Amino acid sequence: MLGAVTDVRSDALLPARAQRSVHRGGLGAPTPPSVLDVLEPLLPEVRKPAQYVGGEHNMVTRDWAAADVRWLLCYPDTYEVGQPNQGIQILYEILNGRATTLAERSYAPWLDLEERMRERGIPTFSLEHHLPLWAFDVFAVTLPHELGHTNLLNLLDLGGVPHRSALRDEADPIVLVGGHAAFNPEPLAPFIDAAVMGDGEEVVLEIDDVVRAAKRDGLTRAELLRALADVEGVYVPALYEPRYTDDGRLSRTVPVATGLPTLVPKRTVQDLEEWPYPQRQIVPMTETVHERFSVEIFRGCTRGCRFCQAGMITRPVRERRPETVQRLVEQGVADTGFEEVGLLSLSSADHSAIGPIARALGDTYEGTVTSLSLPSTRVDAFNVTLSNELTRNGRRSGLTFAPEAGSERMRAVINKMVSEEDLLRTAQVAYSQGWRHIKLYFMVGLPTETDEDVAAIAELGIAVYRIARTHGKANKVTLSVGGFVPKPHTPFQWAAQDTPEELQRKLALIRQLIRTHDGIKLRTNDPEEGVIEGLLARGDRRVAAAVERAWQLGARFDGWHEVPTLDLWRRAMDETGVELAWYSQRERDEDEVLPWDHLDSGLEKGWLWEDWQDARTAVQLDDCRWSPCYDCGVCPGLDLVHDTGYQPGALLPVMPSAPAGLGGPAAGSLPTSAERYAAGSTRGVTR
Amino acid sequence: MSVRYRVRWSKEGRTRFVSARDQSSIWERAIRRADLPIAYSEGFTPHARVSFPDALPVGVASTGEYAELTFAAPIRADDDLARLSATLPEGMDILTYTEVPAGAPKLASLLRATLWELVWPPVDTTALTTLLGRRCATMLAATSHEVVRHRHDGDRTLDVRPAVVSLAVATGPTPDGAGARTTLRAVLRNDAPTIRPADLLVALCDGEVASPALVRRVAQGVPTADGLVEALGGELEMVRTDVVVEAA
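Residues numbered from 1 in each chain as written. Chains lettered and ligands numbered in written order. Predicted model: local features only at pLDDT ≥ 70, side-chain atom pairs only at ≥ 80, totals over all residues. Heavy atoms only, no water.

(A) Molecular detail of the pattern of salt bridges. Residue and element names in this part refer to chain A. Enumeration over the complete set of coordinates arrives at 77 salt bridges over all chains. Between Arg17 and Asp172 there is a salt bridge whose closest N-O contact spans 2.3 Å. Highlighted residues: Arg17 in the segment before helix 1 (36–39) and Asp172 in the loop between helix 5 (149–158) and strand 4 (174–178), separated in sequence by 155 residues. For Glu146, the salt bridge identified is with Lys487, shortest N-O distance 3.1 Å. Here the residue Glu146 occupies a position in the loop between strand 3 (138–142) and helix 5, and Lys487 occupies one in the loop between strand 17 (476–483) and helix 15 (500–514), the gap between them amounting to 341 residues. Residue class for Glu146 comes out buried when judged on its relative accessible area of 4%. (Salt bridge = Lys/Arg side-chain N within 4 Å of Asp/Glu carboxyl O. Helix = DSSP H or I, 4+ residues; strand = E, 2+ residues; numbered from the N terminus. Buried < 20%, exposed > 50% of the residue type's maximum accessible area, 1.4 Å probe, protein only.)

What follows is the structure, given as structure tokens:
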């Protein structure tokens, strides 16, 4: 064929290890080869090629030679899923804010591009300059959940870096993981160099300093890892060793070098006001899962939902000031051109000044196309009031509530404090105020669950649907039901996970009960999807063999329906002797040593156990923002006043008491959460 | 009082992989960043009034993209559109603009033909230029030339010839000056059925010639005997460039 370029494989992009180190030098090191010229001809053949080109508004491009420490920040899934991640954007801005630090971004190539990259010798690359992974000093990967583990191994391998840390040397990057799944990194222990637990803002700069000093002083890889282990919040698995008893249980995970902590603490940023990031958010050139300007209005949550890992490991609550939120939103909307603003946190309606924040933003953007949204876990009329405030322009389509469980008893077990009466009243308020569609989130497979509890999900859905119909024949209810996966550092870390068959049976029960109600839609996930997540969430270091084998067998994108990998995982477990039932479907007792016991999320194990006992007897626990401290263990040692917004001398303004209005100017001010909870009740606003 | 502007813009470099679907939100966000008083459509979900006459295949470069923008208030076009151009992603630039008087003909009606440019990698250049030159001459001498377009929804037979206004093949230097490469330029009518460069290549040399390294939509406008008159600026774009080495 005339004009055909025949030598498709380029060795220049994956040079021999000896030739790599020149690019790893300090200031003035030559830039490694860009993959762009070889990549571009492939892009017209693959799905969604714009995800691979970078070039977005607010992308930061710094000269390779002008930096002496170079980071590649990675979200181990597609650009579409990973780009909106706030953690990456915060660290990107903080690291690139340093004079001689460079940070670029990388995501997982979809299967079609990976195949072509492997054919042509194109390594995992950055979006900014399309530079190869192997040339960077640090490969920092965020793990928001466990379903990116095989992608992490694949990105290393594709990037020309040995996937086992023991096989890496001074010519390879340091591989770091962070994010929620880093609170149990044991199933990844042989593959990562270090896990960083907790808030990244401060620790990332300390790591940057350690790497800079190591390069300057010519430290060996082993010396650098030892230096990293001295940074608070950094766990180096190679320096710890799990020991097992004769019956296969863990007896202890112990440091194997002197001077290492037996309990590795997480990092906590005490004042969010000092870290107003990300400000210059990336504006994607192609579709992503969340296209909006996001501001984290507080971090942490003390509602105490017993299933919720995020709420447990991010404590305590730290709020951003309302005026800072307003400033970040105004600057961000002008800078990015986004039409949607997201006010993020684990339960945004719980910010002590959410009323004034929503009102001020509502005023600023009234009559414009800019829209506001916030995720909320609350189930009360206040949530409706707030949603009204955020939708003054009249787009009242759907409202979401998360009762999480169907029966009163089950909600007491999981500590989701909302009564059926509240929920039905809330639905009544929402439909009467023009909302057309309510979505309710539930879980099945919760500890102590009976078929009665499962049936209660359907019954609650039917009760809400009856209310919906009285306000309009076309009104709808959606029940979204997922399978519960027990997570480390939660009171449910000792619980057994339901098998997929049992979850399937419970979902069928719900489906059967609602079958005569056409206006109720049931959305479920495939119960098999929780199997891999559950294994990896509570797995120990022995599970790593299954991770490696599953990846070798071809497992990637474990969270995607399009890529069914469970059969590969079952084969990998068989071949490596990892018994799923032992890891996932077994209840642990109080004395059992857990694989993450040497990693400190701040919570006392004794308190978690007590809370687990309370759960089993359906005893509820109040949020410590508006009730006395119950000694979970997080606050001592931190130099902060737990933000509650209503204590004397608190930083945040408290609004005068007023009834919850509908929004508009006539309705008066929205109450703060302190007022709503002033009586120590969590029953929401009644009028 | 609303005012309308038409712009000619480029889609080069990395932005050529942006799909037509994503292009609208890129422009809407850039317009908001530039703080321009764009008009919005009425309705439940208002959209900025920015329209694009036709979609460019993903991966194709262009200096011949067009858009029509309706503003709710007068703008200072020189400054404001320069600011918009600056805040668009690198590779997307506004090249020229004109204000649209009331009663002006539709933009699509001014874009009657397209000048396409196809550039091959510097491989087999002499043979490639010779082959393509011979095939082009044959096609221009014929009155019809049918090809089959394969699509997921079935095959379709098209006559390419009526769309072809002019063709030119040349060997020119590579950008670094070290080698030579083949370039094919073609003026194709935009009337339905639309013939794309891919259809033209099937007609000229199906299976005999590798895909070009780059395809570019150079400009659109009114076809002439040896090129086209660009729609907004009015310059004559010749199908033959001055580096032409005439094929056999």
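(B) Structural detail: the side chain of Asp172(A). With a relative accessible area of 1%, Asp172(A) lands in the buried category. For Asp172(A), the contacting residues outside a window of four places in its chain are Arg17(A), Arg20(A), Arg24(A), Gly160(A), Val161(A), Pro162(A), Leu167(A) and Arg221(A). (Contact = heavy atoms within 4.5 Å.)

(C) Region of interest: the sheet that holds strand 15 (residues 398–404) of chain A. All names here are of chain A. Strand order in the open sheet made by the four strands is 15-16-17-18, with parallel pairing throughout. Of all the strands in the sheet, just strand 15 and strand 18 (520–524) have a single pairing partner and so form its edges. Across the sheet, the mean angle from the axis of one strand to that of its neighbour is 20°, orientation sign disregarded. With five bridges joining them, strand 15 and strand 16 (residues 437–444) adopt parallel strand pairing. Paired with Leu399 across the bridge in strand 16 is Ile438. Of the strands in this sheet, strand 16, strand 17 and strand 18 are in contact with helix 14 (residues 451–470), which crosses strand 17 at around 160°. (Pairing = 2+ DSSP bridges. Axes fitted to C-alpha atoms, helices over the stretch in contact; angles between N-to-C directions.)

(D) Representation of the interface of chain B and chain A within the structure. Between chain B and chain A, the contact holds 29 residues from the first and 35 residues from the second. Counting each side, the surface lost to burial between chain B and chain A is near 2700 Å², with a carbon and sulfur contribution of 58%. There are three salt bridges connecting chain B and chain A. Here Arg21(B) and Glu287(A) are joined by a salt bridge, their closest N and O atoms 3.5 Å apart. Taken together, the links from chain B to chain A amount to 15 residue pairs in polar contact (both at pLDDT 80 or more). Elements supplying a minimum of two residues to the side of chain B that touches chain A: helix 1 (20–33) and helix 4 (125–141) of chain B. Among the elements that line the side of chain B that touches chain A, the one with the most residues is helix 1 of chain B, at seven residues. Looking at the side of chain B that touches chain A residue by residue, the class counts come to 15 nonpolar, four polar and 10 charged. (Buried area = accessible area lost by both parts, 1.4 Å probe. Polar contact = N/O pair within 3.5 Å; in protein donor to acceptor, adjacent residues only side chain to side chain. Nonpolar A, V, L, I, M, F, W, Y, C, P; charged D, E, K, R; others polar.)

(E) How the structure looks around the pairing of strand 11 (residues 227–230) of chain B. All names here are of chain B. The sheet contact formed by strand 10 (residues 214–224) and strand 11 spans four bridges and is antiparallel. Residue pairing in the sheet places Pro223 in a bridge with Leu228 of strand 11. From the end of strand 10 to the start of strand 11, which pair antiparallel, there are two residues. Relative to strand 12 (residues 236–238), strand 11 runs antiparallel, the two sharing three bridges.

(F) Local environment of the environment of Arg62(A). Residues and elements named next belong to chain A. Along the chain, the position of Arg62 falls in the loop between helix 1 and strand 1 (69–75). What makes Arg62 partly exposed here is its relative accessible area of 24%. Separated by 39 residues in sequence, Arg62 and Thr101 have C-alpha atoms that sit 8.8 Å apart. Residues contacting Arg62, with those up to four places away along its chain left out, are Leu95, Asn96, Arg98, Ala99, Thr101, Leu102, Glu104 and His129.

(G) Quick peek at the nonpolar core. Ranked by internal contacts, the top residues of the largest apolar core, which has 137 residues, are Trp71(A), Phe139(A), Trp569(A), Trp27(B), Leu69(B) and Leu84(B). Here this core gets seven residues from one element, more than from any other, and that element is helix 6 (residues 200–217) of chain A. The residues touching Leu69(B), leaving out its near neighbours within four places in the chain, are Val3(B), Arg4(B), Tyr5(B), Val7(B), Trp27(B), Ile31(B), Ile38(B), Arg49(B), Val50(B) and Leu84(B). With 34 residues, the next largest nonpolar core counts Leu423(A), Trp435(A), Phe442(A) and Ile520(A) among its residues. (Core = buried A, V, L, I, M, F, W, Y, C linked by side-chain atoms within 4.5 Å.)

(H) Geometry of the pairing of strand 8 (residues 164–173) of chain B. Counting buried positions along strand 8 of chain B gives seven out of 10 residues, so the element sits mostly inside the fold. Counted along the chain from strand 8 of chain B to the antiparallel partner strand 9 (residues 180–189) of chain B, the turn is six residues long, and its residue Gly177(B) has a positive phi close to 80°.

(I) Structural context of the state of the cysteines. Residue and element names in this part refer to chain A. Under the definition given, this model contains zero disulfides over all chains. Considering cysteine sulfurs only, Cys305 is the nearest to Cys308, which forms no disulfide, with 6.2 Å between them. Since its relative accessible area comes to 23%, Cys308 is described here as partly exposed. (Disulfide = S-S within 2.5 Å.)

(J) View of the domain arrangement of chain A. All names here are of chain A. In terms of domains, chain A is made up of domain 1 (11–265) and domain 2 (292–391 + 622–687). On the domain 2 side, the residues contacting the eight residues of domain 1 number 10 residues. When domain 1 packs against domain 2, the two sides together hide about 760 Å² of surface, and 41% of this comes from carbon and sulfur. Interface area lost by domain 1 to domain 2 is led by Gln86, His180 and Asp199, which between them contribute 54%. Between the two partners, domain 1 and domain 2, sit three salt bridges. Between Asp199 and Arg318 there is a salt bridge whose closest N-O contact spans 2.6 Å. In this assembly, domain 1 and domain 2 are joined by five residue pairs in polar contact (both at pLDDT 80 or more). Residue classes in the side of domain 1 that touches domain 2 are distributed as two nonpolar, four polar and two charged. (Domains from an automatic or database assignment.)

(K) View of the environment of Ser480(A). Relative to the helices and strands, Ser480(A) is located in strand 17. Spatially, the C-alpha atom of Ser480(A) lies 5.9 Å from that of Thr524(A), the residues being 44 residues apart in sequence.

(L) Spatial organisation of the domain arrangement of chain B. Residue and element names in this part refer to chain B. Per the domain assignment, the segments making up chain B are domain 1 (3–109) and domain 2 (111–238). Measuring from the centre of the C-alpha atoms in domain 1 to the corresponding centre in domain 2 gives 27 Å. Taken together, the contacts link 22 residues of domain 1 with 16 residues of domain 2. Of the roughly 1500 Å² buried at the junction of domain 1 and domain 2 (both faces included), carbon and sulfur atoms supply 48%. When the buried area of domain 1 at its contact with domain 2 is split by residue, Arg8, Asp54 and Tyr66 rank highest and sum to 29% of it. Summed over the shared surface of domain 1 and domain 2, the result is five salt bridges. The interface formed by domain 1 and domain 2 contains 17 residue pairs in polar contact (both at pLDDT 80 or more). Elements that contribute at least two residues to the side of domain 1 that touches domain 2 include exactly strand 1 (3–11), strand 3 (61–71), strand 4 (92–99) and helix 3 (107–110). If you tally residues by element for the side of domain 1 that touches domain 2, the top one is strand 3, at six residues.

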